[in-house]
Amino acid sequence: MDVLCLGIFVVDVIARPIDKFPEKGKLELFDELELHTGGCANNTAIGLAKLGISVGGMGKIGQDGFGDFVLRTLDENGVDTLGMVRDANANTSFTFVMVASDGERTFFHYMGANAALSATDIRLELIKECKILHIAGSLLMPKFDGEPTAHLLRQAKAAGVTTSLDTVWDATGNWLKTLEPCLPYVDIFLPSIEEAKQLTGLDSPPEIAQFLMDYGIQTVALKMGERGSYVRTKDEELYVPAYKVNVVDATGAGDAYVAGFLAGTVMGWDMKRTT
């Protein structure tokens with residue numbers, strides 16, 4: 001297996017356009033409703049599979065209809081599901097995504113089974129068989145974030161596995177406190193620019209990258225939305241513009257970027273082609 005995506009698996013209900021919330025007890029109408037699987041690990045794994053990369057998923061879902069939907073979708077897209085665990089006591093994680101007319105998104109999230117994922121759910125033998133361990137959704141897995149994640153990253157690196165990490169927005173505000181134990185064992189770090197600003201307390205991409213590389217991270221790639229991305233290694237520094245596309249909404253865009261970046265890494269591309 002080339003990449004194992006360990007992290008959050010979610011069912012997303014996407015509604016658009018929603019430009020205002022109803023007053024309490026009132027009703028507003030919207031035009032479109034879609035049901036998708038989501039979550040960083042899910043999206044990145046499926047993106048990698050579509051790019052022809054051998055990939056597996058590892059995470060926790062409920063023993064419910066939404067859990068069935070997640071597994072079926074992974075299977076249909078060619079993602080190995082041997083690492084997936086089903087929880088009898090927590091439902092599958094769920095997000096209601098409200099997309100405004102300008103494409104901006106607002107979220108309501110139920111943590112569910114993702115909050116129950118712990119070190120005892122991890123199958124280390126599967127991780128040792130992959131080339132890249134990508135932990136996707138750090139800061140939204142309270143039983144696994146911090147020291148348990150750091151311990152697993154350390155084990156993966158000791159086994160010769162390249163380690164990669166992606167974050168989500170931390171509603172608790174414990175950014176660096178939670179992630180700092182993990183950073184010395186991360187080879188590739190792929191946060192959004194806003195998450196990276198919160199994590200480091202810095203604003204400029206070069207300063208952010210240097211702060212993170214001082215922990216020993218080899219590659220920092222900052223996702224900057226319409227401004228493209230900023231990538232830094234010890235030998236290279238790249239500002240890469242975004243492709244010009246007709247934007248519908250940005251749901252999953254960061255995970256698609258990560259899938260492309262990891263695919264390029266697996267295929268041995270140089271940094272410019274990878275980004």
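The present account deals with the structure reproduced in this document.

Quick word on the environment of Glu32
Step number 1: Note on placement: Glu32 falls in strand 3 (residues 32-38).
Step number 2: Residues Glu32 and Arg16, spaced 16 residues apart in sequence, show a C-alpha to C-alpha distance of 5.3 Å.
Step number 3: Among all residues touching Glu32, those that are not within four sequence positions of it are Ile14, Ala15 and Arg16.

Structural notes on the side chain of Asp166
Step number 1: Relative to the elements of secondary structure, Asp166 occurs in strand 9 (residues 162-167).
Step number 2: The contacts of Asp166, once residues within four sequence positions are left out, are His134, Ile135, Ala136, Gly137, Ser138, Leu190, Pro191, Lys223, Asp255 and Val258.

Things to note about the pairing of strand 5 (residues 80-87)
Step number 1: Of the pairings in the sheet, the one linking strand 4 (residues 55-62) to strand 5 comprises six bridges and is parallel in character. Note that in strand 5 the partner of Met58 across the bridge is Gly83.
Step number 2: Viewed along the sheet, the connection from strand 4 through helix 2 (residues 65-76) into strand 5 turns out right-handed.

A few points about the pairing of strand 11 (residues 219-223)
Step number 1: Summarising burial for strand 11: five of the five residues are buried, a large majority.
Step number 2: Side chains Thr219, Ala221 and Lys223 of strand 11 all project onto a buried face; the interleaved residues Val220 and Leu222 project onto the opposite face, where all are buried too.
Step number 3: Across two bridges, the pairing between strand 10 (residues 188-189) and strand 11 is parallel. Each residue of the ladder has a partner; that of Ile188, found in strand 11, is Thr219.
Step number 4: As judged from the four bridges shared by strand 11 and strand 12 (residues 229-232), these two strands associate in the antiparallel manner. Pairing of Ala221 across the sheet is with Val231, part of strand 12.
Step number 5: Counted between consecutive antiparallel strands, the loop separating strand 11 from strand 12 contains five residues, among which Gly225 sits at a positive phi close to 60°.

Things to note about the packing of aromatic side chains
Step number 1: A complete count under the given rule lists five aromatic pairs for this structure.
Step number 2: Both rings, one in Tyr257 and one in Phe261, keep their centres 6.1 Å apart while their planes meet at 35°; by these two values the pair is tilted. Taken together, the residues span about one helical turn, with Tyr257 and Phe261 both in helix 8 (residues 253-266) at a distance of four residues. Across the pair, exposure class does not vary: Tyr257 and Phe261 are buried alike.
Step number 3: Over the aromatic face of Tyr185 sits the side chain of Arg154, whose NZ or CZ is 5.1 Å from the ring centroid.
Step number 4: The ring of Trp269 has Arg273 lying over it, and the distance from NZ or CZ to the ring centre is 3.9 Å.

Basis of the calculations
- Residues numbered from 1 in each chain as written.
- Predicted model: local features only at pLDDT ≥ 70, side-chain atom pairs only at ≥ 80, totals over all residues.
- Heavy atoms only, no water.
- Helix = DSSP H or I, 4+ residues; strand = E, 2+ residues; numbered from the N terminus.
- Contact = heavy atoms within 4.5 Å.
- Pairing = 2+ DSSP bridges.
- Right-handed = clockwise from strand over helix to strand, strands pointing away.
- Buried < 20%, exposed > 50% of the residue type's maximum accessible area, 1.4 Å probe, protein only.
- Phe/Tyr/Trp six-rings, centres within 6.5 Å; stacked < 30°, edge-to-face > 60°.
- Lys NZ or Arg CZ within 6 Å of the ring centre and 35° of its normal.

Limitation: the analysis is restricted to geometry and does not speak to function.
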